[in-house]
Amino acid sequence: MRTDWQSIKERLRAEFGDAAYKSWLAPIELDSVSATRAVISVPTRFMRDWVQRHYLDRISQMLTDGAAAAPAVEIVVRSAIRAPDAAKAANVEAVGTLSAAARARPRPAAPRSHEDISAPLDPRFVFDNFIVGKSNEFAYAAARRVAEAQTVPFNPLFLYGGVGLGKTHLMHAIAWHIRKADPNRRVIYLSAEKFMYQFIRALRFQDTMAFKEQFRSVDVLMIDDVQFISGRETTQEEFFHTFNALVDQNRQVIISADKSPSDLEGMEERLRSRLGWGLVADIHQTDYELRLSILQSKAEKLGSQVPSKVLEFLAHKITSNVRELEGALNRVVAHATLVGRDISLEATQDVLHDLLRAHDRRVTIEEIQKRVAEHFNVRVADMHSARRARAVARPRQVAMYLAKQLTSRSLPEIGRKFGGRDHTTVMHAVRKIEELRATDTSFSEDVELLRRMLET
Ligand code: ADP
Ligand code: MG
């Protein structure tokens, strides 16, 4: 075996080029050499796998001068506990056996128990209470997978989406599930803000080793709202090391943010890219069906009789996020309980007056057409078409009526928007709907519901 590692590295650089050298080869260290065997090390598991796949054969040839028949070079991950500023420890651990063994082996005593640094978990945030729809099914499946897996399925799991869409709920659900299934596993959940706070505290009390120990001895680390440490360089640096250390030891890391890794501004490039190495799952804005299911489930949990018209109304109106949706329902129910009256559409509108107004925008004829078409299950194109069949003519008349009521457009303008119809057609439609409303209460309620949904 050769021991002139530096000259071997120079040869690697010449062969593979500067870029590859800088990324993959420069960080390699020669840890030990004997007559027949050499051990080299890299800082992360990912690098280990990469180097192993792409460069190990060549490195091996060079170290043995092409003499060895069997692979004589082993590549390992440098001990993850080794802090970036700590003295270079000769503490090389065998790879591949870590996850199971690491759990069994006694851990260095943490200065405080992990429950102390973990934020409390909301007992309502469990999988059973999470309603799955199109917008969140992928994130949900990923979360369940991580919670139920015996080994780490992907690392990190990165959940992202706008506020109030269920990121924290899913993280808590994972934590509950794991804690219940295996109370010995150390699960830490905390916000990035709290992480930063703990870190700054540790710096102030010159207690950073204890800080590192705490975090690096966990089995599952969840950091919520990681966008919070955007622009905070030292915290990011520390987070990055903690993150790498855990991933290298095959511990599960779960991160949430309001944006995808690549869109996280103010994050160091290497951290951003590292965050995206595992599974990235986004939670989209809710759709009407999901909002309605959530409301139905929450109403049931509240043990209160909420008419389905009210639930539908809320699902149509409060589209921003689930948190607001829940808040609106709670208010409506609380109000009804307080005044001892049944929940009605009118009461709901009254109670949520301010909230609804904030959500209101100027309604357009296009929106009216779209909503009405949806409601009556016809195509939007039928709003403009010449078809006279009752099934499409009636919805078209409702839409014209609502356009007259809710916008300031004149009859000819409205006519033009409905496939170039004459203003007398619009006038006729308005009269027809008024007549029907006067005689058919259920039809009238339908139109009223539509009106309330659209109303400015
Ligand atoms: P985020 O962390 O993404 O801002 P949260 O997880 O705090 O959002 O969710 C906000 C509220 O909405 C919580 O009360 C949560 O229980 C609820 N929620 C969000 N998504 C769902 C869902 N799919 N099913 C049931 N409740 C949900
Ligand atoms: Mg949250």
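Shown above is the structure to which this text applies.
This write-up is about the structure you can find in this document. Because the structure is predicted, anything quoted here is derived from the model rather than measured.

Looking now at the packing of helix α9 (residues 192-204) against helix α11 (residues 233-248). Describing two packed helices takes the angle between their axes plus the distance from one axis to the other. Running from N to C, α9 and α11 point in directions that differ by 100°, and their axes come no closer than 10 Å. Looking at the two axes, α9 sits roughly perpendicular to α11. Only Thr234, Thr235, Glu238, Phe239 and Thr242 of α11 make contact with α9, whose side of the interface consists of Phe195, Met196 and Phe199. Here the residues of the contact of α9 with α11 sort into four nonpolar, three polar and one charged.

With that out of the way, let us pick up the site of ligand 1. Lining the immediate surroundings of ligand 1 are 18 residues, of which Ile131, Gly164, Thr168, His169 and Glu326 lie closest. At 3.2 Å, a side-chain N or O of Lys298 approaches a nitrogen atom of ligand 1. Side-chain polar atom of Arg323 to an oxygen atom of ligand 1: 2.9 Å apart, as the coordinates give it. Its free accessible area being 550 Å², ligand 1 has 95% of it covered by the protein chains. Broken down by secondary-structure element, the contributors of at least two residues to the shell around ligand 1 are α8 (167-181), α13 (288-301) and α15 (322-339). Considering only residue class, the shell around ligand 1 consists of seven nonpolar, seven polar and four charged. Each of domain 2 (114-283) and domain 3 (288-358) gives at least three residues to the shell around ligand 1.

Of all ten residues in helix α14 (residues 308-317), seven are buried, a share of seventy percent or more. Within the sequence span of α14, burial applies to Val310, Leu311, Phe313, Leu314, Ala315, His316 and Lys317.

Next up on the list: unusual backbone geometry. With glycine set apart, most residues show a phi of negative sign, and most peptide bonds adopt trans. Cis peptide bonds are those with omega within 30 degrees of zero, and the linkage from Asn155 to Pro156 qualifies with -5°. Relative to the helices and strands, Pro156 resides in the loop between α7 (137-148) and β4 (157-161). Of note in this structure, Asp225 is not a glycine but carries a positive phi near 55°. Among the structural elements, Asp225 can be located in the loop between β6 (220-224) and α11. The class of Asp225 is partly exposed, set by a relative accessible area of 29%. Despite not being glycine, Asn377 shows a phi value in the positive range, around 60°. Tracing the backbone through its elements, the reader meets Asn377 in the loop between α18 (365-376) and α19 (390-406). According to the relative accessible area criterion, Asn377 is exposed, its value standing at 70%.

Across the sheet, five strands lie side by side as β5-β6-β7-β4-β8; this open sheet has parallel pairing. A strand with exactly one partner marks an edge of an open sheet, and here the two such strands are β5 (187-191) and β8 (279-283). Taken pair by pair, the neighbouring strands of this sheet meet at an average axis angle of 15°, ignoring direction. The sheet contact formed by β4 and β8 spans five bridges and is parallel. Its bridge partner lying in β8, Gly161 is registered against Ile283.

The next subject is the nonpolar core. Counting 29 residues, the largest nonpolar core has Phe215, Leu221, Ile223, Val226, Phe239, Ile255 and Leu275 as its most contacted members. Of all the secondary structure elements, the ones that give two or more residues to this core are β4, β5, α9, α10 (208-216), β6, α11, β7 (252-257) and α12 (269-275).

The strand order across the open sheet built from three strands is β1-β2-β3, with neighbouring strands paired in mixed fashion. The two strands at the open ends of the sheet, each matched to only one other strand, are β1 (29-33) and β3 (73-77). Strand-to-strand twist of the sheet, defined as the mean angle between neighbouring strand axes without regard to direction, takes the value 25°. Sheet topology note: the strand β2 (residues 38-42)/β3 ladder contains five bridges and is parallel. By the bridge assignment for β3, Val39 is matched with Glu74.

To continue, consider the packing of aromatic side chains. In total, this model carries eleven aromatic pairs according to the counting rule given. Centroid distance Phe16 to Tyr55: 4.7 Å. Interplanar angle 85°. Geometry classified as edge-to-face. On the criterion of sequence distance, the pair formed by Phe16 in helix α1 (residues 5-16) and Tyr55 in the loop between α3 (45-54) and α4 (56-63) is long-range, its members being 39 residues apart. According to the relative accessible area criterion, Phe16 is partly exposed, its value standing at 30%.

Another point: the side chain of Gln369. Tracing the sequence through the fold places Gln369 in helix α18. The residues touching Gln369, leaving out its near neighbours within four places in the chain, are Met383, His384, Lys417 and Phe418.

Given a rise of 1.5 Å per residue, twelve residues ought to cover 16 Å, and the 16 Å separating the end C-alpha atoms of α18 matches this to within 8%. Among the residues of α18, Ile365, Ile368, Gln369, Val372 and Ala373 are the ones counted as buried. In a view along the axis of α18, the buried residues occupy a sector of 125°, so they form one face of it. Residues of α18 that are buried make contact with α19, α20 (411-417) and α22 (441-454). Within two residues after α18, Asn377 carries a phi angle of roughly 60°, on the positive side.

On to the side chain of Gln236. On the secondary structure map, Gln236 appears in helix α11. In terms of polar contacts, Gln236 uses its side chain to reach the backbone carbonyl oxygen of Ile229, at 2.9 Å. Apart from the residues within four sequence positions on either side, Gln236 is in contact with Ile229, Ser230, Gly231, Gly266, Met267, Glu268 and Leu271.

Each value, and the rule that gives it
- Residues numbered from 1 in each chain as written.
- Chains lettered and ligands numbered in written order.
- Predicted model: local features only at pLDDT ≥ 70, side-chain atom pairs only at ≥ 80, totals over all residues.
- Heavy atoms only, no water.
- Axes fitted to C-alpha atoms, helices over the stretch in contact; angles between N-to-C directions.
- Helix = DSSP H or I, 4+ residues; strand = E, 2+ residues; numbered from the N terminus.
- Parallel < 35°, antiparallel > 145°, perpendicular 65-115°, else oblique.
- Contact = heavy atoms within 4.5 Å.
- Nonpolar A, V, L, I, M, F, W, Y, C, P; charged D, E, K, R; others polar.
- Near = heavy atom within 4 Å.
- Polar contact = N/O pair within 3.5 Å; in protein donor to acceptor, adjacent residues only side chain to side chain.
- Areas by Shrake-Rupley, 256 points an atom, 1.4 Å probe, with all protein chains shown as cover.
- Domains from an automatic or database assignment.
- Buried < 20%, exposed > 50% of the residue type's maximum accessible area, 1.4 Å probe, protein only.
- Pairing = 2+ DSSP bridges.
- Core = buried A, V, L, I, M, F, W, Y, C linked by side-chain atoms within 4.5 Å.
- Phe/Tyr/Trp six-rings, centres within 6.5 Å; stacked < 30°, edge-to-face > 60°.
- Expected span 1.5 Å × (residues − 1).
- Arc of directions from axis to C-beta.

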